[in-house]
Amino acid sequence: MFVHLHVHTPFSFLDGASSIKALVSRAAALGMTALAITDHDNVSGAVRFQKACQETGIRPIQGAEVTTSLGHLTLLARDQRGYANLCRILTQAHMGHPRGQPEADLETLAQYHEGLFALSGCRRGYISSHILRGELAEAQEAARRLRDIFGSAHFFLELEGNLLPGSQSLNQALVDLAAALGVGVVGTANVHYAEKSDFPVHDILTCARTLTKLEDVHPERRLNAQNYLAPEEEMARVFARHPEAVANTVRIAEQCEPVLTLGRPTFPAFPVPGDETAASFLRQLVWQGARKRYGTLRPEVAQRLQKELDIITTLGYEDYFLLVWDVVRFARARGIRYSGRGSAADSAVAYCLGITEVDAIRRGLLFERFLSLERAEKPDIDVDFDARYRDDVSAYVYQKYGRDHVAAVATYNTFQARSAVRDLGKALDIPAEELDFLARRLPYVGADDIAGAMDRFPELRHSRIPQWKFQRLFDTARAVANFPRHLATHLGGLVISRDPIVNFSPLQMSAKGQVICQFDKDDVEDLGLVKLDLLSLRALSAVEDAVATIQRRRPGFDYDAIPLDDKATYRMLNQGQTIGVFQLESPAQRALQGRLGAENLEDIIDSVAIIRPGPIKGNMVEPFLARRRGEEPVSYLHPKLKPILEKTYGVVLFQEQVIEIATAIAGFSPGDADRLRRVMTHARSPADMAEIGRYFVQRAVEQGVSEKEAGTIFSYIAGYASYGFCEAHAAAFGVTAYKTAYLVRHYPAQFYAAVLSNEPMGYYSPDIICDEARRRGVTILPVDINRSEAAFTTEELPARGGRVRYGIRIGLKQVKGITAHLLLAIPAERKARGPFLSLADFARRINAPRDVLENLVACGAFDSLHPNRRAMLWSLPEILARAGQPGPGRPDSQRLFPPAAAPPPQIADFSSYERFMKEWEVLGLSPGPHFMAFFRRALAGRGILTTKEAGYRPQGTYVQVAGLPVRPHRPPTRSGRTIVYLSLEDETGMLDVTVFEHVYQRYGHILFGYPLPPLLISGSIEHRSNLAMLLADAIAPLDV
Amino acid sequence: MKRHDASAPGGASAGRGPLQVRLDADGQPAGLFWQGRWQRVVRVLETWHDTGQWWDGEEEKVFYRVVLASGAVWEIYRSGSGGVGAGEAGWHLYRIYD
């Protein structure tokens, strides 16, 4: 018998070449009864490892290879105390040293040694490396110190079983040393992969990690392929001279128990006032909130709230609700805009606590979708905050619960196609330009699907990339698909624990300076810890900014009191004019709005839910639209479906409906329904869906449903099996979607200025937002050194026809290269000492780098002072040379040069096209004419239409249209065939274009090439309700 | 861990070429036939594996550092034994320590 006690998984970050599952399966196949994992300075693999072992019946031993002041040590947890101590040792190692260079000191090892086995480590361990150098005294002294720390029963010298030069003599020396010190020896293989044939993958990963190529020599490269999970016979042969080293692996393993308890929730205690309990305090808050929300409480409201409270307290989740209530209360008190999202909107309690703005009772949302006694799953409440203040809310949580009890959740940056190509390709010494060429063209596919993508995507087929040359790269990428590359910070997830976090997880600093635990959100959930998602939503920041601007002129404006039935807003939505509207601005959404004819908030909520992979693949969109317009009768395959699907015209839109169908038709228990939900949303494996489908049909037949009907009904569910929204989430988003539409309709200048100031956000780039603002009558005002603030602002313009007009002034932040310091300094200097009088004056008062000055001139920031940009750029070196003169601007500083200097030469300014191109280069947009306007006359002469003209052509007309392509994308389709959607934009508007598969296969390399040029697209016009679109037939780069 | 360079100097005279090797019951070298006579191996000091430049098709080699009855220390290797690469099986002399 043998147990591998020194094993690296992919969580050793580019030092483990086999997945945890592969390692555990291999150990099981070899008949081993236990296995340890010992990743470099982390336990990130612990939860997945324990779960994999549970499935195979192998005992999991948790550990880590820890970097200490005495080199690498292999530490194994004997019990929960040992695991908690391991977490403390790793925390000290990380937090006490620069990021990325953890090191545990001996004092910490001594303080937290209980419950641990310590093995002396591989060749890079202090003891072995000193023996190899002949420094036996040092090796002995280190071994003695470690023995004294861990105790002779728990410290072992680690014999090396990797068949390296010197192994035998090293091992003999270790055996002699162990005898002298009265400690044992244990044999390990320092496993880095499951099978010997995985060695090449490990070697390539080592090159990627050390930034070397295969041809290079590097001390971390392994000499041979012996670091695999070898069978016990092989290990017995390797350690034939030291059989006790083999026997001790079993003795050690027998003393190690599984240390993680999965699935049992542990909640932090909320500090309640006075004599209250958490339950009584929660009830008090809920009834208070209910009176505010509902006024007089009708019996059904009171009953619903009572029922929810009973379930919450039975499950013991009252502290969690109070925690979330407290966080949003803090946000409200600080004026930080927030919005609860997700399935929490199914809860009337959450509504009364002010966590969500969705009235679950009025909407008939089931609380059981969020929480139920049968499922007893932990609640998960996500809250969006104004992106700018999310960190303030997070800081409040840390301060309230203590830094020992709060940590950010980690996430793993994993190998996908592009990252695999770049990282592994360098190791394989493929030229950088070839890797760049390939990586830029790869769509977002998994690292295991590159070869398939080469066949499927025309832009790759046309690339002339020789697949044979890249075969080794593709094979290696497949092997490491989804392996973690490094730890990063989850956006917004905080774990809050009643006990110190270090009982469960080591802590370390992230690149952003946050303290993170070593587990991701799924692992945190499995550990039973409470996770709070404090998310940033820039849409809320944009709303906040817009409201502030509107209130300067209309102090009584209240975003929360926006009427939900504004006809002008619905008219705008029905025309598909939704650029900038939260959740409704994509081309698919715009097309939908044109056909849907939304009349009320329910329609908006349905819109938000329907353009998702679930309903699209489930073929729900067309039937929904047809039935809503009354063009098709609403029918139900089975009478039990009627109450579930009535409100969505008989089609499945929401995740809740899937669960309700499974319960009503197949009599699924809450546990079955939960399994279905998980398969649909997490696993998404066709095999799992097929299996649960068979179970569904079987149970449905038992309930008296015919097999054929059951199969068809399950096909609705299976078709939905990609991500869809839960109704509560759609409702939460729907409210924000409608209200931002209202702002677009009634306050376009204020709202678009806010969107532009908070970019990147939304679907469209700033230039598209500016074009849309212009189409709505808002003037885009150029950058002005004396008028622009850092952000985009609105300015009132002279009234026309008695109507107030607004312009959006481009903010300084849009200027390429401008620094955060300059964004503060320029407005501050203007405020302190008055406007800038000239470029020279500016250069004297503001210390700006030359390239930023050039950019400011090129984009027209000084036009109001010096209209000739070319002359300004010509004069800039001399201006800068003179700018060293001290003191404020002199009376003659209106002129570029003092009277004694020669005036600048007379140079013609840039042409308007040149000015445009420079503005575009510096700002990414232009206040002037649209790019396409420069070529309109020539294009018109060739019979090429504007997007507006094309949109007016009758159904079926064959047209040619030119424009700037906007975001070509390939969303999932029901048939699995590729359809590309993009928009063409010109000075008159935007035309949506659809490219079917056969056209895509011919021209896809143009649409997804890099860079993406202006395009000329030919095809036929199609009208659908209020919107025109172009069905593409031919695509070419525009030749002007 | 430095990679082996078969032509590396090392304070030793090196020779290469095919070698006849007699194995004992445990599969360890027991005798070498070199320049017309058999040399008895009295001890195997070290054994190690080396995958070499596997990406160029080089096959894994198994090295032995042996002490001969004459007192000489030799390094020999076996290749084509089912390591990472694949290729021609056989024993070779790698290094002789003078």
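Residues numbered from 1 in each chain as written. Chains lettered and ligands numbered in written order. Predicted model: local features only at pLDDT ≥ 70, side-chain atom pairs only at ≥ 80, totals over all residues. Heavy atoms only, no water.

1. A short note on the overall build of chain A
Moving on, step 1. Secondary structure summary: chain A contains 43 helices and 21 strands in total.
Moving on, step 2. Relative to the globule expectation of 31 Å for 1040 residues, the C-alpha radius of gyration of chain A, 33 Å, shows essentially globular dimensions.
Moving on, step 3. Each principal axis of the C-alpha distribution contributes one length, and for chain A these read about 100 × 90 × 70 Å.
Moving on, step 4. Of the contacts made within chain A by residues no fewer than 6 positions apart, 71% connect residues no fewer than 24 positions apart.
Moving on, step 5. Element-wise, carbon and sulfur atoms account for 51% of the exposed surface of chain A, whose accessible area totals about 41,500 Å².
Moving on, step 6. Distance between charge centres in chain A, computed from 120 positive and 120 negative side chains, equals 5 Å. (Helix = DSSP H or I, 4+ residues; strand = E, 2+ residues; numbered from the N terminus. Rg over C-alpha atoms; globule rule 2.2 N^0.38 Å. Contact = heavy atoms within 4.5 Å. Areas by Shrake-Rupley, 256 points an atom, 1.4 Å probe, with all protein chains shown as cover. Lys, Arg positive; Asp, Glu negative; His and termini not counted. Charge placed at Lys NZ, Arg CZ, Asp CG, Glu CD.)

2. Observations concerning the nonpolar core
Residues and elements named next belong to chain A.
Moving on, step 1. By size, the foremost hydrophobic cluster in this structure holds 199 residues, and its most contacted members are Leu-75, Ile-127, Phe-150, Leu-157, Phe-321 and Val-995.
Moving on, step 2. Ranked by residues supplied to this core, first place goes to helix H13 (residues 318-333) with 10 residues.
Moving on, step 3. With residues near it in sequence (within four places) discarded, Phe-321 still touches Leu-282, Ile-312, Ser-347, Val-349, Leu-353, Ile-355, Phe-370, Leu-371, Pro-379 and Ile-381.
Moving on, step 4. In terms of nonpolar packing, the next biggest core, distinct from the first, is built from 130 residues, Val-679, Ile-717, Phe-751 and Cys-770 among them. (Core = buried A, V, L, I, M, F, W, Y, C linked by side-chain atoms within 4.5 Å. Buried < 20%, exposed > 50% of the residue type's maximum accessible area, 1.4 Å probe, protein only.)

3. A few points about the pattern of salt bridges
Residues and elements named next belong to chain A.
Moving on, step 1. Tallying each qualifying case throughout the model produces 68 salt bridges over all chains.
Moving on, step 2. Between Arg-590 and Asp-992 there is a salt bridge, and its shortest N-O distance comes to 2.9 Å. With a gap of 402 residues between them, Arg-590 in helix H24 (residues 587-596) and Asp-992 in strand E19 (residues 989-995) connect regions that are remote in the sequence.
Moving on, step 3. A relative accessible area of 6% means that Arg-590 is categorised as buried.
Moving on, step 4. Asp-992 gets classed as buried once you look at its relative accessible area, which sits at 10%.
Moving on, step 5. Among the salt bridges present, the one from Asp-909 reaches Arg-915, with a minimum N-O distance of 2.4 Å.
Moving on, step 6. Given the relative accessible area of 23%, Asp-909 is considered partly exposed. (Salt bridge = Lys/Arg side-chain N within 4 Å of Asp/Glu carboxyl O.)

4. Structural notes on helix H15 (residues 390-401) of chain A
Residue and element names in this part refer to chain A.
Moving on, step 1. Spanning 12 residues, H15 covers 17 Å between terminal C-alpha atoms, matching the ideal 16 Å at 1.5 Å per step.
Moving on, step 2. Every buried residue of H15 is accounted for by Arg-390, Val-393, Ser-394, Tyr-396, Val-397, Tyr-398 and Tyr-401.
Moving on, step 3. Following H15 by one or two positions, Gly-402 has its phi on the positive side, about 90°. (Expected span 1.5 Å × (residues − 1).)

5. Quick look at the packing of aromatic side chains
Residues and elements named next belong to chain A.
Moving on, step 1. Overall, the coordinates contain 41 aromatic pairs over all chains when judged by the stated rule.
Moving on, step 2. Centre to centre, the rings of Tyr-294 and Tyr-351 are 5.9 Å apart; their planes meet at 70°, and the pair counts as edge-to-face. Remark: Tyr-351 occurs in helix H14 (residues 348-352) and Tyr-294 occurs in helix H11 (residues 278-294); sequence separation between them is 57 residues. Like Tyr-351, Tyr-294 is buried.
Moving on, step 3. Here the aromatic rings of Tyr-913 and Phe-935 are separated by 5.7 Å at their centres, their planes lie at 75°, and the arrangement is edge-to-face. Here the residue Tyr-913 occupies a position in helix H40 (residues 912-923), and Phe-935 occupies one in the loop between H40 and helix H41 (936-941), the gap between them amounting to 22 residues.
Moving on, step 4. Judged by its relative accessible area of 31%, Tyr-913 falls in the partly exposed class.
Moving on, step 5. Within the aromatic cluster, the residues linked to one another by ring pairs are Tyr-913, Phe-916, Trp-920, Phe-931, Phe-934 and Phe-935. (Phe/Tyr/Trp six-rings, centres within 6.5 Å; stacked < 30°, edge-to-face > 60°.)

6. Notes on the interface of chain A and chain B
Moving on, step 1. Across the boundary between the two partners, chain A contributes 25 residues, which contact 17 residues of chain B.
Moving on, step 2. Counting each side, the surface lost to burial between chain A and chain B is near 1,900 Å², with a carbon and sulfur contribution of 55%.
Moving on, step 3. The largest per-residue losses of area from chain A upon contact with chain B belong to A:Leu163, A:Gln168 and A:Leu223, which jointly make up 29% of the total buried on that side.
Moving on, step 4. Taken together, the links from chain A to chain B amount to one salt bridge.
Moving on, step 5. A salt bridge links B:Glu60 to A:Lys196; the nearest nitrogen and oxygen atoms lie 3.5 Å apart. (Buried area = accessible area lost by both parts, 1.4 Å probe.)

7. Examining the confidence of the model for chain B
Residue and element names in this part refer to chain B.
Moving on, step 1. Summary statistics for chain B give a mean pLDDT of 77 and a share of 73% for residues scoring 70 or more.
Moving on, step 2. Confidence, read as mean pLDDT per element, is least for strand E1 (residues 18-23) in chain B (87) and greatest for strand E4 (residues 61-68) (94).
Moving on, step 3. Residue range residues 1-16 is modelled with pLDDT below 50. Its contacts to residues more than four positions away, or to other chains, number 38 contacts.
Moving on, step 4. For the stretch residues 82-88, pLDDT sits under 50, and the model shows 17 contacts to residues farther than four places along the chain or on other chains.
Moving on, step 5. Confidence estimates for the predicted assembly give a pTM of 0.81 and an ipTM of 0.80. (pLDDT = per-residue confidence, 0-100.)

8. Quick look at the side chain of A:Ser394
Residue and element names in this part refer to chain A.
Moving on, step 1. Looking at where Ser-394 falls in the secondary structure, it is placed in helix H15.
Moving on, step 2. You can call Ser-394 buried: its relative accessible area is 4%.
Moving on, step 3. Dropping the residues within four chain positions of it, Ser-394 is found in contact with Leu-494, Gln-514 and Leu-534.

9. Focus: the sheet that holds strand E18 (residues 980-986) of chain A
Residue and element names in this part refer to chain A.
Moving on, step 1. Strand order in the closed barrel formed by five strands is E17-E18-E19-E21-E20, with mixed pairing between adjacent strands. Strand-to-strand twist across the sheet, computed as the mean angle between neighbouring axes with direction ignored, equals 55°.
Moving on, step 2. Where strand E17 (residues 958-969) and strand E20 (residues 1015-1024) come together, six bridges link them in antiparallel fashion. Considered in E20, the bridge of Val-959 is made with Gly-1019.
Moving on, step 3. Here H24 sits on the sheet in contact with E17, E18, E19, E20 and strand E21 (1027-1037), set at roughly 150° to E21.
Moving on, step 4. Sitting on the sheet, helix H35 (residues 766-775) touches E17, E18 and E19, and the angle it makes with E18 is about 55°. (Pairing = 2+ DSSP bridges. Axes fitted to C-alpha atoms, helices over the stretch in contact; angles between N-to-C directions.)

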